[in-house]
Amino acid sequence: KELSALNLESEKLNKELAATRETIAGLRERLRREQRSIEKTLVTLYKYGKFDFVQFLLQAQNMSAVFSESRHLTLLARHQQDVIADYFKTMADLRSAEAGQEKQKSEVAGLIAESGRKRQELEAQEAESRALVQEIRKNREKYVQALEEQKERARQLQTLMDRLASQEIVLPFRFVPLYEKK
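Residues numbered from 1 in each chain as written. Predicted model: local features only at pLDDT ≥ 70, side-chain atom pairs only at ≥ 80, totals over all residues. Heavy atoms only, no water.

### Digging into the pattern of salt bridges
Oppositely charged side chains can form a pair if their charged atoms are brought close together. Our working rule: When a carboxyl oxygen of Asp or Glu lies within 4 Å of a side-chain nitrogen of Lys or Arg, that pair is called a salt bridge. Each helix corresponds to a stretch of at least 4 residues labelled H or I by DSSP, and each strand to a stretch of at least 2 residues labelled E; elements are numbered beginning at the N terminus. Three labels apply to residues, based on accessible area from a 1.4 Å probe with only protein chains included: buried if under 20% of the type maximum, exposed if over 50%, partly exposed otherwise in between.
Enumeration over the complete set of coordinates arrives at seven salt bridges. One salt bridge in this structure joins Glu98 and Arg28, with 2.6 Å as the shortest N-O distance. Highlighted residues: Glu98 in helix 3 (residues 63–166) and Arg28 in helix 1 (residues 2–48), separated in sequence by 70 residues. The class of Arg28 is partly exposed, set by a relative accessible area of 39%.

The structure is reproduced here in structure tokens:
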């Protein structure tokens, strides 16, 4: 019973481990996509150089264009911050999932080790039981043999007693009981 319970627990942990592996694969793919997006942004920023707000103001045709472009740049910067935050969150999720996977692996290894110990324990108990059954059989055979020997001796004794009872005992002297002696 204990061995089958350990096997069921091991199967359950293996299913959880497979699900964690799938999650990790998904997180790694997501991390690669986010990394490519960040790389593209960094390449673009490197290509255009450092942002100079004064030059931006001088190149603008009017103030409404400045405000409009400023708003667009702000939205773009927020979006990039969100992308970077998502990247770091995905990295944290990946680390957490990998730690969970390691924990599950150690649990599975522990269950396998415990299952092996239980199996050895059960095999030892089985061997001990077999030895005990073998000893009981030998003792039973000895008992039956001793019983047969006792029956044979009892039969011989009964035969001897019957023979003695049927014979008249002749003593070399006359037997006089003590109460008759004078």
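The rest of the description comes next.
### Some details on the packing of aromatic side chains
We apply this condition: Ring pairs are drawn from Phe, Tyr and Trp, using the six-membered ring of Trp, whenever the two centres fall within 6.5 Å, and their geometry is named by plane angle: stacked under 30 degrees, edge-to-face over 60, tilted for the rest.
In total, this model carries one aromatic pair according to the counting rule given. A ring pair is formed by Tyr87 and Phe88, whose centres lie 5.9 Å apart and whose planes are at 65°; its orientation type is edge-to-face. On the accessibility criterion, Tyr87 (15% relative accessible area) is buried.

### A closer look at the environment of Met91
Its place among the elements puts Met91 in helix 3. The partly exposed category is assigned to Met91, whose relative accessible area is 22%. Between the C-alpha atoms of Met91 and Leu31, which are 60 residues apart in sequence, the distance is 7.0 Å.

Functional significance is not addressed by these values, which are geometric in nature.
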